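# Report on the structure
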Amino acid sequence: MEYNFSVTKTKNPKPRPQDESKLGFGRVFTDHMFVVEWNKGEGWHDAKIVPFDYLTIHPASTVLHYGSEVFEGLKAYRWADGSVKLFRPIENIRRINRSAERMGLPQIPEELMMEGLLKLVELDADWVPHGEGTSLYIRPFMIGDDEHLGVHGVAHARFYIILSPSGSYYKGGLAPVKIMIESHDVRAVRGGTGEAKCGGNYAASVRAGEKAEEKGFAQVLWLDGVEQKYIEEVGAMNIMFKIDGKIVTPALTGSILPGITRKSIIEFLRNEGTIVEERRISVDELAKALEDGKLEEAWGCGTAAVVSPVGLLSYNGKDYVIGGGKIGAVTQKLYDELTGIQWGKQPDPFGWIVPVTKA
Ligand SMILES: *Cc1c(COP(=O)(O)O)cnc(C)c1O
């Protein structure tokens, strides 16, 4: 199905950032955004691309009081030939619908979101930066927008896509980080909202994250919410380990965000014949493996960082150094392979790349 939506171009294009090394993350926004509204009677209607602007929102709007919000994060990549590409956008589209289902928000047709995404990125394609490791960060989000204070499934919703040219995650090159295993706060429990990409999960994780940062750690590693014994995931990344030659990662039990980077790495490794175990991993197992010299590598994985080597885990005041605090061979290989596919430096045998503009 073709969706015909209106495109209103800005009359006041903003100057594009000249110095790509100063972009940072999510601070600069492009000239346009995609908007579509939903209500129970009409469904999704009035899809349009409009100049980037503030939103007008009723003070009683559901999202402001009860957190009816889900979001996505993906990137547009500038290849050396000048073309712009996306990485597995259908996965983000399907995931926001799964998140929306959990949070009492409506389903958005896959074709509508895909078309909005492609048309918007195409229109603002000049904003996709050129520098090594830079990208155009894409933030789709949906909010519940009923204009009264009752708690209920919403009858009105809005969906947006905004774009932000962003700098390289690794300014000084790939580098191992120190992570603190959080032993008080929990991020999610089975049956809760852990597997939904929703704003509320982040609000609840900020306190532990700030405490960890004060102590000099990059991020928090969450444990399961019931026994606080099993590894779940890092702030905005899934986590993987190489233990005794095998790749292991926590299974998706409902409280972990099903990362697209995680899924891509598992598919990549299995395709080359490497065994990946998705299962429960306790802190005790990690400590024991480390003692026995069998915990060889650890890395986080997510769209922003792609792959982030973990050089140290701290748990209840005790530090566990992994792989001598250096980048492991598998970690480095996965980073090279994935970024190679994303930036077109390597073939794409899986068909993960979706073109937006030509060379
Ligand atoms: C988005 C996110 C991830 C990573 O998912 P990707 O699809 O790989 O970017 C991991 N954990 C949490 C909590 C997230 O929000």
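All values derive from a computational prediction rather than experimental measurement. (Residues numbered from 1 in each chain as written. Predicted model: local features only at pLDDT ≥ 70, side-chain atom pairs only at ≥ 80, totals over all residues. Heavy atoms only, no water.)

### Let's talk about the domain arrangement of the chain
Just so we agree on the cut-off: Those domain boundaries reflect an automatic or database domain assignment. Contacts were defined at the residue level, with two residues in contact if any of their heavy atoms lie within 4.5 Å. By buried area we mean the combined loss of accessible area, with a 1.4 Å probe, across both parts when two parts are placed together. Each salt bridge in this description consists of a side-chain nitrogen of Lys or Arg and a carboxyl oxygen of Asp or Glu lying within 4 Å of one another. Pairs of N or O atoms within 3.5 Å make up the polar contacts considered here, provided that, within protein, one atom can donate a hydrogen while the other can accept it, and that residues adjacent in sequence are counted only when both atoms are side-chain atoms. The way it works is that DSSP assigns letters per residue, a run of H or I at least four long becomes a helix, a run of E at least two long becomes a strand, and they are numbered from the N terminus. As a working rule, the residues Ala, Val, Leu, Ile, Met, Phe, Trp, Tyr, Cys and Pro are called nonpolar, Asp, Glu, Lys and Arg charged, and the rest polar, with Gly in that last group.
Here the chain is partitioned into domain 1 (6–166) and domain 2 (177–342). Residue-level contacts link 18 residues of domain 1 with 19 residues of domain 2. Of the roughly 1,700 Å² buried where domain 1 meets domain 2, counting both sides, 57% is carbon and sulfur surface. At the boundary of domain 1 with domain 2, the tally comes to two salt bridges. Linking domain 1 with domain 2 are 13 residue pairs in polar contact (both at pLDDT 80 or more), by the criterion used here. Mapped by element, the contributors of at least two residues to the side of domain 1 that touches domain 2 are strand S4 (69–71), strand S5 (74–78) and helix H2 (89–102). Here the residues of the side of domain 1 that touches domain 2 sort into seven nonpolar, three polar and eight charged.

### Side note on the side chain of Arg78
Let me state the cut-off plainly: With a 1.4 Å probe rolled over the protein chains alone, any residue whose accessible area is under 20% of its type maximum counts as buried; one over 50% counts as exposed, and the rest are partly exposed. Neither His nor the chain ends contribute to the count of charged residues, in which Lys and Arg are positive and Asp and Glu negative.
Here Arg78 is to be found in strand S5. One buried charged residue, Arg78, remains without a salt bridge, the closest side chain of opposite sign being Asp126 at 5.2 Å. A polar contact is formed between the side chain of Arg78 and the backbone oxygen of Val128, at a distance of 2.8 Å. Apart from residues lying up to four places away in sequence, Arg78 is in contact with Ser83, Val84, Ala125, Asp126, Val128, Pro129, His130 and Trp343.

### Overview of unusual backbone geometry
Comment: phi is negative for the bulk of residues other than glycine, and the bulk of peptide bonds are trans. The backbone of Gln228 sits at a positive phi, close to 50°, despite the residue not being glycine. When you line up the elements, Gln228 lands in the loop between strand S10 (219–223) and strand S11 (231–234). We classify Gln228 as partly exposed; its relative accessible area is 26%. Positive phi, close to 70°, is recorded for Val306, a residue that is not glycine. Its place among the elements puts Val306 in strand S16 (residues 306–315).

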